[in-house]
Each structure stands twice: as structure tokens, then as C-alpha cells.
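# Fold and geometry: a report
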Amino acid sequence: MNEINEYGSFDFLSNLLTVLAWGVIAYLAYRMYRKNPVQQVGWKAFLVLLTGITSFSITWMMASTVIRIAVLPLGVWVLYFFLKRKEGRWERYRKFAWLGFGANYIFLLSVLVASSIGHFVYPADHAETFVSDVKEASILSVHPNGSEKAALNVKVLNSELQKLKQSQVYDGTWYEYTFVQEKARYERFPYLLLDAKPKWGSGVRSTIYVEKDGKGLLIQTPSESLYFRSTQSFVVGGDEK
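Overview of the structure. (Residues numbered from 1 in each chain as written. Predicted model: local features only at pLDDT ≥ 70, side-chain atom pairs only at ≥ 80, totals over all residues. Heavy atoms only, no water.)

## Focus: the pattern of salt bridges
The condition is simple: Basic side-chain nitrogens of Lys or Arg form a salt bridge, by our definition, when they fall within 4 Å of a carboxyl oxygen of Asp or Glu. Type-normalised accessible area, obtained with a 1.4 Å probe on protein chains alone, sets the label of each residue: buried when under 20%, exposed when over 50%, and partly exposed for intermediate values.
One pass over the full model with this rule turns up six salt bridges. In this structure, E91 and K84 form a salt bridge, with 3.5 Å as the shortest nitrogen-oxygen distance. By relative accessible area, E91 is classed as partly exposed at 40%. Its salt-bridge partner being K163, residue E160 comes within 4.0 Å of it at the nearest N-O pair. Linked through salt bridges whose partners overlap, the residues forming this network are R188, E211, D213 and R229.

## Quick look at the sheet that holds strand β5 (residues 165-166)
Stated precisely, the cut-off is as follows: Note: two strands are recorded as paired if DSSP finds a minimum of 2 bridges between them. Numbering of helices and strands runs from the N terminus; a helix is a DSSP stretch of H or I covering at least four residues, while a strand is a stretch of E covering at least two.
The strand order across the open sheet built from six strands is β3-β6-β7-β8-β9-β5, with neighbouring strands paired in antiparallel fashion. Each end of this open sheet is capped by a strand with a single partner; those strands are β3 (138-141) and β5. In this structure, β5 lies alongside strand β9 (residues 225-229), joined through two bridges in antiparallel fashion. When the sheet's bridge partners are listed, Q166 is paired in β9 with F228.

## Focus: the side chain of Q40
Stated formally: Residue contacts are counted whenever heavy atoms from the two residues lie within 4.5 Å of one another.
You can see Q40 is positioned in the loop between α2 (12-35) and α3 (42-52). In this view, Q40 contacts M32, Y33, R92, Y93, K95 and F96; residues no more than four positions away in its chain are not counted.

## Focus: the packing of helix α4 (residues 74-83) against helix α5 (residues 89-121)
Basically, it comes down to this: Fitted lines through C-alpha atoms give the axes, limited to the stretch in contact for helices. The angle between two N-to-C directions lies from 0 to 180 degrees. Roughly parallel means an angle under 35 degrees; roughly antiparallel, over 145; roughly perpendicular, 65 to 115; everything else is oblique. Amino acids are sorted into nonpolar (Ala, Val, Leu, Ile, Met, Phe, Trp, Tyr, Cys and Pro), charged (Asp, Glu, Lys and Arg) and polar (every other residue, Gly among them).
Here α4 crosses α5 at 170°, and the two axes come no closer than 10 Å. If you check the angle between α4 and α5, you find them roughly antiparallel. Touching V76, L79, Y80, F82 and L83 of α4 are R89, W90, Y93, A97, W98 and F101, all from α5. In terms of residue class, the contact of α4 with α5 is made up of 10 nonpolar, no polar and one charged.

Shown next, in the form of C-alpha cells:
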């Protein structure tokens, strides 16, 4: 389970945009410092900038992306309290403090840009975003309804990845086997897909279950569940039809 959830943790776009955001902040700080380098100490300006980033923020989820908007400049207030004790010190460093607070919005912009681009590069309606490399993949029966002898046909699954179609998982069959009392022990997705790697750089984290007939994948992410169907079974030795 840990391998499944953690493998896709590298988010290429988010990391790239974060590095670019820091580059913009560093450039602005350097421009500020160069205007009057005699009266300012470089490492002090850097610490002031980092402290200025501290803020009270409003956080919410938007399209599976965590959005944080800085509201109160807590770091700036703390710096003002301490730097005001010595005459002229606040005036020399306050621009770095406010740059630190403004950095929150530069980071916010980078998150929004990364999220917008990510929806096109790593579309959630394509199974390959979550299951791209299955060379070392296998399945594990996690419910008594599954067969211990079942195995993954890697060749078939690999050939079907681009053909998988997204579908509705909550159909009549799901209701019948989930809520009808005499079939309460039936599990539609008794197999867990192990060691399947997501698309490189996607940053997706998911747990993937295989349908009993070997033709469906239920992909569960922290924010949603996605269901994809294949034209042929990629499970052998089970009860596939």
C-alpha cells in the first residue's frame, strides 16, 4: 500500500513552478539590496524576507489543489515590533519584510499555473495518468470474494491502457450486490493492484482496485474515485468472464 501511495509523490510541474517562484523572489530581493547595499546586511535582509513570509492564511481545496491565500502579515508585524526598537532599522529592512509577505502571492500564482497546466498534461479522465508503467505490477486478493490463484496478465493490461474508457461505477449491478441483503458479502473489486507506476511527474497518489471480472479498475485518490473499463480481462486464474 505504501508503494502505491508514495510512488507518484514527485510532482514535476509543482516543483518546477516553485523553483521559478523562488527565482523571482530572489531576483526582486537582489534588486532591492543593490539599491542601497551599504546600509543593509545581506544575511539580515534574507532572514527578514523569510520571516515576512509567515502569515495567517485562508485554505481551501479547488479542483484537487490546496489553495492558500495570505490574509494577515504576521511575520511583518513581528519584525516591526523588534526592528522598531532601534532607530532606522525598520526603515532599512521593511521592504524585505513586505516582499516576504508578497511572496505568498507569488507562490499562490505558481500553484494556480501548475494546476492549470497539470489538467492538460495529466488529465484525470485518462487511466494512463494513474497507471502508466505495469512492468512490475501484480495483484493481491484483499477480500474472500477474490481468488488467491488470480494473477495479473501484464501483457494484456499494458495493451489495454490506452483503450480504457471511463465509466460510471454506481450502476444497477453495484447497487444490487452492495445493498441487497443476501448478496452483502459480494465484493466487486476484490483485488489490489500493486507496483503500478503513474505517469512520470504527475504527482498523483492513488490506490487501485481490480474488478472481479478482470476488466475494470477503480482508482481512488485523496479527492475522488475513478472507474475505467477494458474490453478484455487482464486477470487470469480468477473468476473472470
